[in-house]
Amino acid sequence: MSETTAERVLPANPWPALWAMVIGFFMILVDSTIVSVATPAIRDDLATDYNSVIWVTSAYLLAYAVPLLITGRLGDRFGPKNVYLTGLAVFTLSSLWCGLTDSVEWLIIARVVQGLGASMMTPQTMAVITRTFPPANRGRAMALWGATAGVATLVGPVLGGVLVDNAGWEWIFIINVPVGIVGFALAWRLVPALETHSHQFDWVGVVLSAIAMFLIVFGIQEGEKYDWGEIEGLLSVPLLIAAGLVVLAVFVAWQARNRREPLVPLSLFRDRNFSVSTLGISAVSFSVTAMAFPFMLWTQTVLGFDATQAGLLFVPMAVVTAAMAPVVGRMSDRMHPRWLASVGFASSSVAIVGTTLVMAPDTPVWQLLVLNALLGFGNAFLWAPLASTATRNLPMSSAGAGAGVYNTTRQVGAVLGSAAIAAAISARLAHHLPQATGSAAEGAGTSSLPDALAGPFTDAMAEALLVPALAFLVGLVVAQFLVKPTHDRG
């Protein structure tokens, strides 16, 4: 069947299919940030340490990110609907597993399986948009996709707080089961079976990319624990990171030399907007993931909020992002993407820097709410414009590959954000509380932190928040290289 013929048999209205897939997409993105507010409860209940709980999130993000390149291709080969439904089933069952575990080690393993399921689902949503929506309406479709991504990452801490306080941390995972069942039924009924394209799979590329990502992320996250030095014998943190970068370079070289069908078609990056948008979304994902951890620790440790109260501070972000998403979606179909993305990156950076400036043991809540609303405003100008600009000129046969690459860079940003903020928190706590780091960390998430430590702990968290603020500024610079799309390959 030709692409033209395939287009003719598509439903006249593609929106129901997209709404059906958005349910699952929302669920898997909520799980990227929902653990941040449950960190103290998981740590206490499973009798583990802070760094191990960080891996509950990092393991999910890593398992989510690494396979995205190939799962995008799987969607092209076996159909987006089939791969999406398989991933949703894996994600839903592993969510139940997460909720039933009684050790941090098994929780981390279950989160890895959960991440694998999520990696099968995500590229299919973008691929369906690219293949079923005409270019003139793609901006509005991407607005829904972007609003879902933006709101989900902000709703995670809110929903997590309510569930942790009223039902227990296990329910941040168990709640996915009924949602997953409903999402599966709707996707089965509403998502069309699209034309498939034969692909050869670059297993060498899969292995190289997985090794590179693991070495880099593990090195960054565990660096402070080993004082950025020797881990065991000849193995050291700098050596791990350097090895990861070398393997990454080998991966890129292999992609360039692979004459069959590389995992990452480097030809995609000949499109300037695709290249710039992928860098931009990685900066967004890095920052959104990174900012949640120090903010949640500070509000629960210093301000004495419970998990629900801390999570509710993110409500203005979610509300403003959702309200602005349709407006920005319409704007992205007709305005220069550079201006939209610049507004988003600048507003978001100002919001986080402003938060660091007002953070104190007696910070008025209204100041945090206003700054979080500004962050939500900035996010609304990032997710949809970057996604629609990246996919604007993708040919149909490369929809899955392009969606896989785009979402991989987004998730790589999240993984690195999680690892970098863990290192930053540890470093700033060691600097401000050299004699009391252990007690401060153990007191995180409770109201038991001594008053004498509240100020230094606040300073440590505020300085850690400068990491995501800097990433947003990097995104602002990157956005200046966006150009106005001149045509669509549709």
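You'll find the structure just up there.
I will try to describe carefully the structure that is included in this document. (Residues numbered from 1 in each chain as written. Predicted model: local features only at pLDDT ≥ 70, side-chain atom pairs only at ≥ 80, totals over all residues. Heavy atoms only, no water.)

1. Comments concerning the overall build of the protein
Then, number 1: A tally of regular secondary structure across the protein gives 20 helices and two strands.
Then, number 2: For the protein, buried positions account for 61% of its 490 residues.
Then, number 3: Long-range contacts, defined here as pairs at least 24 residues apart, represent 86% of the contacts in the protein between residues at least 6 apart.
Then, number 4: With an accessible surface of roughly 18,200 Å², the protein has 67% of that area assigned to carbon and sulfur atoms. (Helix = DSSP H or I, 4+ residues; strand = E, 2+ residues; numbered from the N terminus. Buried < 20%, exposed > 50% of the residue type's maximum accessible area, 1.4 Å probe, protein only. Contact = heavy atoms within 4.5 Å. Areas by Shrake-Rupley, 256 points an atom, 1.4 Å probe, with all protein chains shown as cover.)

2. A look at helix 9 (residues 176-190)
Then, number 1: End to end, helix 9 covers 20 Å across 15 residues, agreeing with the expected 21 Å (1.5 Å per residue, within 8%).
Then, number 2: Within helix 9 the residues assigned to the buried category are Asn176, Val177, Gly180, Gly183 and Ala187. The buried residues of helix 9 occupy an angular sector of 120° when projected down its axis, which confines them to one face. Facing away from the buried side of helix 9 by more than 90 degrees, the exposed set consists of Ile181 and Arg189.
Then, number 3: If you follow the buried residues of helix 9, they end up packed against helix 2 (15-45), helix 5 (80-100), helix 6 (104-132) and helix 8 (171-174). (Expected span 1.5 Å × (residues − 1). Arc of directions from axis to C-beta.)

3. So, the environment of Trp106
Then, number 1: Tracing the backbone through its elements, the reader meets Trp106 in helix 6.
Then, number 2: Judged by relative accessible area, which is 47%, Trp106 ranks as partly exposed.
Then, number 3: The spatial distance from the C-alpha of Trp106 to the C-alpha of Val56 is 9.8 Å, given a sequence separation of 50 residues.
Then, number 4: Excluding residues within four positions of it along the chain, Trp106 makes contact with Trp97 and Thr101.

4. Re the packing of helix 2 against helix 9
Two packed helices can be described by the angle between their axes and the distance between those axes.
Then, number 1: One can describe the packing of helix 2 onto helix 9 by two numbers: an axis separation of 8 Å at closest approach and a directional angle of 155°. Classified by the angle their axes make, helix 2 and helix 9 are roughly antiparallel. Considering how the two elements wind past one another, helix 2 and helix 9 form a crossing that is left-handed. Counting all contacts with helix 2, which are made through Pro16, Ala17, Ala20, Ile23, Met27 and Asp31, the residues of helix 9 involved are Asn176, Val179, Gly180, Gly183, Leu186, Ala187 and Leu190.
Then, number 2: Considered class by class, the residues forming the contact of helix 2 with helix 9 number nine nonpolar, three polar and one charged. (Axes fitted to C-alpha atoms, helices over the stretch in contact; angles between N-to-C directions. Parallel < 35°, antiparallel > 145°, perpendicular 65-115°, else oblique. Left-handed = near helix turned anticlockwise from the far one by under 90°. Nonpolar A, V, L, I, M, F, W, Y, C, P; charged D, E, K, R; others polar.)

5. What about the packing of helix 5 against helix 9?
Then, number 1: In the contact formed by helix 5 and helix 9, the axes pass within 9 Å of each other and the chain directions differ by 165°. As judged from the angle between their axes, helix 5 and helix 9 are roughly antiparallel. For the pair helix 5 and helix 9, the crossing hand works out as left-handed. Across the interface between the two elements, Lys81, Tyr84, Leu85, Leu88, Ala89, Phe91, Thr92, Ser95 and Leu96 from helix 5 touch Asn176, Val177, Gly180, Gly183, Phe184, Ala187 and Trp188 from helix 9.

6. A few points about unusual backbone geometry
Then, number 1: Within the chain, Ala47 stands out as a residue other than glycine whose phi angle is a positive 50°.
Then, number 2: Here Ala47 falls in the exposed class, since its relative accessible area comes to 70%.

7. Re the nonpolar core
Then, number 1: Counting residues in hydrophobic clusters, the biggest one holds 133 residues, and the most contacted among them are Ile28, Phe345, Leu386, Ile425 and Met461.
Then, number 2: The biggest single contributor to this core is helix 12 (residues 272-301), with 15 residues.
Then, number 3: Here Phe345 is in contact with Gly280, Ala283, Val284, Leu382, Leu386, Phe472, Gly475, Leu476 and Ala479, once residues within four sequence places are set aside. (Core = buried A, V, L, I, M, F, W, Y, C linked by side-chain atoms within 4.5 Å.)

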